[in-house]
Amino acid sequence: MEKKYTIEDIRAAFDAGCQRGAYNVHKIHNFVEEPLCREGYVDSLENPIVEEPKDIPITYYQIKKYVGWSKFCDVTGGNQYAINEFGEPDLTEIYYIKESQANELGF
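Residues numbered from 1 in each chain as written. Predicted model: local features only at pLDDT ≥ 70, side-chain atom pairs only at ≥ 80, totals over all residues. Heavy atoms only, no water.

Caption draft 1: View of the confidence of the model for the chain. Looking at the chain as a whole, its pLDDT mean stands at 77, while 62% of the residues score no less than 70. Element-level pLDDT for the chain is lowest in helix H2 (residues 38-46), with a mean of 66, against a maximum mean of 94 in helix H3 (residues 60-67). Counting interchain partners and residues more than four positions distant, the pLDDT-below-50 stretch residues 20-32 has seven contacts. (pLDDT = per-residue confidence, 0-100. Helix = DSSP H or I, 4+ residues; strand = E, 2+ residues; numbered from the N terminus. Contact = heavy atoms within 4.5 Å.)

Written out as C-alpha cells, the structure reads:
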C-alpha cells in the first residue's frame, strides 16, 4: 500500500538531509551548489509547475468533419470568420493545438 506523506513529513525529511550534508553531494564533482531553501522546496511540491505537452497536429479535414470550424475556434482562440474572409483551406492543411485542447475537442 502506498504511504501518503504530509507537508510536515517532507519538511522533517528535508531538514534531516540538510543536517547530514546531503545537499553538498555535488561538491564531490567540483560543483559549488548553494543549499536548497526548505520552504522553496516544499512550495514547489505543493504547487508543481505543469508544463503543457507537445502540440498535436490536426488537419482541416478532421476539424471540418468532427467538430466544425466554429467550435474549433472557440477552444483554440482562432478566428471564426477566417473561412469567410480568406476562403476554405485545403483539407490537408495542418493546425497544431495543445493536447488539452485536443482532448476538449474529442480528438
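Caption draft 2: Geometry of the nonpolar core. Formed by Ile58, Tyr60, Ile63, Val67, Trp69, Phe72, Cys73, Val75, Ala82, Ile97, Ala102 and Leu105, the largest nonpolar core amounts to 12 residues. Of all elements in the fold, only H3, helix H4 (69-76) and helix H6 (99-105) reach the threshold of two or more residues within this core. With near-sequence residues (within four places) excluded, tryptophan 69 lies in contact with Tyr60, Ile63, Asn79, Gln80, Ala82, Ile83 and Tyr95. (Core = buried A, V, L, I, M, F, W, Y, C linked by side-chain atoms within 4.5 Å. Buried < 20%, exposed > 50% of the residue type's maximum accessible area, 1.4 Å probe, protein only.)

Caption draft 3: Spatial organisation of H4. Turning to H4, its buried residues are Trp69, Phe72, Cys73 and Val75. For H4, the arc enclosing every buried residue in end-on projection is 165°, short of the 170-degree limit, so these residues lie on one face. Those residues of H4 hidden inside the fold are in contact with H3, helix H5 (82-86), strand E2 (94-98) and H6. Where H4 ends, the next residue or the one after it, glycine 77, has phi of about 85°, a positive value. (Arc of directions from axis to C-beta.)

Caption draft 4: Summary view of the packing of aromatic side chains. Scanning all chains against the criterion turns up five aromatic pairs. Considering the side-chain rings of tyrosine 66 and phenylalanine 107, the 6.5 Å spacing of their centres and the 90° angle between planes classify their relative orientation as edge-to-face. Note that tyrosine 66 is positioned in helix H3 and phenylalanine 107 in the segment after H6, a separation of 41 residues in sequence. Its relative accessible area of 30% is what places phenylalanine 107 among the partly exposed residues. Taking the centre distance of 5.9 Å and the plane angle of 65° together, the rings of phenylalanine 72 and tyrosine 95 count as edge-to-face. (Phe/Tyr/Trp six-rings, centres within 6.5 Å; stacked < 30°, edge-to-face > 60°.)

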